[in-house]
Amino acid sequence: MQDDAAARRWRDTLLVKAQEVVLEAIRADNESADVMRSAERALRMAGAVVGPGRRNERANDQETTARQASTHPGGVLEPLRANVEAVVDDAEASEGGSLYSSQVHSSKPRVEPARAHRALDRWAALLPQRVVNEDLGDYIEDINRRAAEGQRWLIWVRVVVAILTTAVNSVGYVRKALGKATVR
Amino acid sequence: MLDTRIALLQALISGESYGLEIIERVKSLTKGRVLMMQGRVYPVLRELESEGLLESFDGDPLPERGGRPRKYYRLTAEGRRVARQDAAAIVGLLKPGLGMA
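All values derive from a computational prediction rather than experimental measurement.

Analysis parameters
Residues numbered from 1 in each chain as written. Chains lettered and ligands numbered in written order. Predicted model: local features only at pLDDT ≥ 70, side-chain atom pairs only at ≥ 80, totals over all residues. Heavy atoms only, no water. Core = buried A, V, L, I, M, F, W, Y, C linked by side-chain atoms within 4.5 Å. Buried < 20%, exposed > 50% of the residue type's maximum accessible area, 1.4 Å probe, protein only. Contact = heavy atoms within 4.5 Å. pLDDT = per-residue confidence, 0-100. Buried area = accessible area lost by both parts, 1.4 Å probe. Salt bridge = Lys/Arg side-chain N within 4 Å of Asp/Glu carboxyl O. Polar contact = N/O pair within 3.5 Å; in protein donor to acceptor, adjacent residues only side chain to side chain. Helix = DSSP H or I, 4+ residues; strand = E, 2+ residues; numbered from the N terminus. Nonpolar A, V, L, I, M, F, W, Y, C, P; charged D, E, K, R; others polar. Phe/Tyr/Trp six-rings, centres within 6.5 Å; stacked < 30°, edge-to-face > 60°. Pairing = 2+ DSSP bridges. Patch = residues over 30% accessible without salt bridge, like charges linked within 9 Å, V, L, I, M, F, W, Y side chains within 5 Å. Areas by Shrake-Rupley, 256 points an atom, 1.4 Å probe, with all protein chains shown as cover.

Visitor: Could you clarify how one ought to interpret the nonpolar core in this entry?
Guide: Note on soluble globular proteins: their nonpolar side chains tend to be buried together. Core analysis: the largest hydrophobic core is formed by 24 residues, its most contacted members being Leu8(B), Leu9(B), Leu45(B) and Leu54(B). Leave out the neighbours within four places in its chain, and Leu45(B) touches Leu8(B), Leu12(B), Ile22(B), Leu54(B) and Tyr73(B). Ala7(A), Leu14(A), Ala18(A) and Ala167(A) belong to the second-largest nonpolar core, a separate cluster that totals 21 residues.

Structural data, given as structure tokens:
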């Protein structure tokens, strides 16, 4: 019972940290229309497949919090998506509405997975080493392959999926480890 | 849908491997009809290892994995025995579909 409560708390902490890591990576790149658009698309896709969960209580932007409460109640990823939408709106306003224009998006995408690596490296610090080497290592390898193939928009989808699945797998891994320790 | 445990054991009969390669191997062996979720593979591999059906070892750190090593898995003698039993059961299951029943 205590293990379950601890695992739930840890899962919640991981999801909040996941939000912070992704948002920071996105904000750092808010001059790049390509990255913003890719991230928004990734988060829309992730938000569409993730089920209900606890809302993020640590959102410090009141306007964003109000928006997520009114439009996306209950979803784990909804605060993240709402925050990203706010960042996109800000960036779009600062660029005079040119964020989505075809002039900004070249037909030949540039492939730069280094930002994705930085986000995942920061995320890795919160996870068990085995999950980092196995699960996260495979995601990074997969991201590099996709980047080499020019599938740039998929990189941010993979980053979001990697963060979510490694969070879930870490909770499972730690719970099993705790179970073994208790049996002994 | 083919059980993930069975698919992993069958994929490892042909030799040691790691997560991404196992997914590719299963996809290739089934001509793309069985697609495994990347997030599901390692938890099951760890489970099979804890049951004594697999053993694992670290490879060298690789730059394409951000300096992290791959974790390779291979069948133990018990794992090989279980994999053969599973294969026989699958063949039995497939016989009617193949017109062999």
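Visitor: Help me understand the confidence of the model for chain B, please; the structure alone is not making it clear to me.
Guide: As a general rule, the predicted coordinates of low-pLDDT regions are not to be interpreted in detail. This prediction gives chain B a mean pLDDT of 92; 97% of its residues lie at or above 70. For this predicted complex, the interface score ipTM comes out at 0.83, while the overall pTM is 0.62.

Visitor: Explain the interface of chain A and chain B here, please?
Guide: Accessible area lost during the coming together of the parts is what is often quoted as the interface size. Contacts between chain A and chain B engage 22 residues on the former and 20 residues on the latter. A buried area of about 1800 Å², summed over both sides, lies between chain A and chain B, and 42% of it is on carbon and sulfur atoms. Summed over the shared surface of chain A and chain B, the number is 8 salt bridges. At the junction of chain A with chain B, the criterion picks out 18 residue pairs in polar contact (both at pLDDT 80 or more). Looking at the side of chain A that touches chain B, the elements that each hand over two or more residues are α5 (114-124), α6 (129-148) and α7 (152-183) of chain A. Here the side of chain A that touches chain B takes 14 residues from α6(A), the largest share from any one element. Grouping the constituent residues of the side of chain A that touches chain B by class yields 6 nonpolar, 5 polar and 11 charged.

Visitor: What exactly am I supposed to notice about the packing of aromatic side chains here?
Guide: By convention here, two paired aromatic rings are described through the distance between centres and the angle between planes. Residues and elements named next belong to chain B. As enumerated under the stated definition, the model contains 3 aromatic pairs over all chains in all. With centroids separated by 5.7 Å and ring planes inclined at 75 degrees, the aromatic side chains of Tyr-18 and Tyr-72 adopt a geometry described as edge-to-face. Of the two residues, Tyr-18 is situated in the loop between α1 (4-13) and α2 (19-29) and Tyr-72 in strand β2 (residues 68-75); the sequence distance between them amounts to 54 residues. Like Tyr-18, the residue Tyr-72 is buried in the burial classification. Pairing Phe-57 with Tyr-72 gives two aromatic rings, centres 5.6 Å apart and planes at 15 degrees, and the pair type is stacked. Of this pair, Phe-57 sits in strand β1 (residues 54-62) while Tyr-72 sits in strand β2; the two residues are 15 residues apart in sequence, bridging distant segments of the chain.

Visitor: What is the right way to read the pairing of β2(B) from this model?
Guide: Side-chain positions along a regular strand alternate between the two faces of the sheet. All names here are of chain B. Counting buried residues along β2, 7 of its 8 residues qualify, which places the element largely inside the surrounding structure. Sheet analysis places β1 next to β2, joined by 7 bridges and oriented antiparallel. Along β2, the bridge assignment pairs Ser-56 with Tyr-73. Here β1 folds back onto β2, and the loop between the two strands holds 5 residues, one of which, Gly-66, carries a positive phi near 65 degrees.

Visitor: Help me out: how do you make sense of the environment of Arg25(B) in this one?
Guide: All names here are of chain B. Within the secondary structure layout, Arg-25 lies in helix α2. Given the relative accessible area of 19%, Arg-25 is considered buried. For the pair Arg-25 and Ala-11, spaced 14 residues apart in sequence, the C-alpha to C-alpha distance is 6.4 Å. Each residue touching Arg-25, except ones within four places of it in the same chain, is listed here: Ala-11, Leu-12, Ser-14, Gly-15, Glu-16 and Ser-17.

Visitor: How should the pattern of salt bridges be read in this particular structure?
Guide: Pairing between side chains of opposite charge can happen when their charged atoms approach one another. For the coordinates displayed, the defined rule picks out 20 salt bridges over all chains. Residue Arg130(A) is joined to Glu49(B) by a salt bridge in which the shortest nitrogen-to-oxygen separation is 2.5 Å. Taken together, the residues Arg130(A) in helix α6 and Glu49(B) in helix α3 (residues 38-50) connect one chain to another. Overall, Glu49(B) belongs to the partly exposed group, its relative accessible area being 21%. Notably, a salt bridge pairs Arg158(A) with Asp142(A), separated by 2.9 Å at the nearest N-O pair. Taken as a pair, Arg158(A) in helix α7 and Asp142(A) in helix α6 lie far apart in primary sequence, 16 residues in all. Each member of the pair, Arg158(A) as well as Asp142(A), carries the same accessibility label: buried. When salt bridges that share partners are traced, they join Asp138(A), Glu141(A), Arg145(A), Glu64(B), Arg65(B) and Arg70(B) into one network.

Visitor: Would you mind going over unusual backbone geometry with me for this structure?
Guide: Most peptide bonds are trans, and most residues other than glycine sit at a negative phi. Unusually for a residue other than glycine, Lys31(B) sits at a positive phi of about 50 degrees. Residue position: Lys31(B) is located in the loop between α2 and α3.

Visitor: Explain a nonpolar patch on the surface to me, please; I cannot follow it from the model alone.
Guide: On the surface, a nonpolar cluster with roughly 460 Å² of combined accessible area is contributed by Leu93(B), Leu94(B), Leu98(B) and Met100(B). Residue position: Leu98(B) is located in the segment after α4 (77-94).

Visitor: Just to check I follow, could you spell out α1(B) for this structure?
Guide: Every α-helical turn comprises 3.6 residues, leaving residues that sit three or four positions apart pointing alike. All names here are of chain B. Among all positions in α1, only Ala-7, Leu-8, Leu-9, Ala-11 and Leu-12 are buried. Capping the start of α1, Asp-3 holds a side-chain oxygen 3.0 Å from the backbone nitrogen of Arg-5, two or three residues further along. Of the residues trailing α1, Gly-15 is marked for its positive phi of about 135 degrees.

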